[in-house]
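Spelled out from the first residue to the last, the chains are:
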Amino acid sequence: PLWVDESPLEIIDAVKDRVVHVHIKDYEVSEDSAYKTLGGRGIREMPVGDGSVPIAEAIRILIDNGYDGFFSTEDSTPTEVTEKFSRVVNIINKAL
């Protein structure tokens, strides 16, 4: 949703009853980034939990609406793998 300048929570709410898989990734709107959204705003990948994506809130919406599937994550930032995993587990636990 951030790549097309839309609210992640509004999108999750709109599709919550059709979600079969969740892929977790985090971004931050950043004017100094070379990557641009559809509307021309700068955007860059962040370590999961450090960006602008309300991940725990999105997961909570899905769980409240019966989602019981898997979560995968992608984080290509230069963060240690164990820290990346811990971040994701903490965010999911926060949502529960």
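Quantities reported herein were computed from a predicted structural model and do not represent experimental measurements. (Residues numbered from 1 in each chain as written. Predicted model: local features only at pLDDT ≥ 70, side-chain atom pairs only at ≥ 80, totals over all residues. Heavy atoms only, no water.)

Even after reading the chapter, I still don't get the pattern of salt bridges, so can you show me in this structure?
Between side chains of opposite charge, a pair can form as their charged atoms come close. Tallying each qualifying case throughout the model produces eight salt bridges. Ionic pairing is found between K25 and E45, a salt bridge with its closest N-O pair at 3.9 Å. Placement of K25 in the loop between strand 1 (22–24) and strand 2 (26–29) and of E45 in strand 3 (residues 43–46) is noted, with a sequence separation of 20 residues between them. Overall, the relative accessible area of 22% leaves E45 in the partly exposed class. Between K25 and E74 there is a salt bridge, with the nearest N and O atoms lying 3.0 Å from each other. (Salt bridge = Lys/Arg side-chain N within 4 Å of Asp/Glu carboxyl O. Helix = DSSP H or I, 4+ residues; strand = E, 2+ residues; numbered from the N terminus. Buried < 20%, exposed > 50% of the residue type's maximum accessible area, 1.4 Å probe, protein only.)

Please clarify how unusual backbone geometry should be interpreted in this entry.
Note: most residues except glycine have negative phi, and most peptide bonds are trans. One non-glycine residue, D5, lies in positive phi territory at about 60°. Within the element layout of this structure, D5 appears in the segment before helix 1 (8–15).

Can you walk me through the packing of aromatic side chains in this structure?
The description of an aromatic ring pair rests on the distance of the ring centres and on the angle between the ring planes. On inspection of all chains with the given rule, the structure shows one aromatic pair. On the basis of an interplanar angle of 65° and a centroid distance of 5.5 Å, the ring pair of Y67 and F71 is categorised as edge-to-face. Among the residues examined, Y67 registers a relative accessible area of 11% and is labelled buried. (Phe/Tyr/Trp six-rings, centres within 6.5 Å; stacked < 30°, edge-to-face > 60°.)

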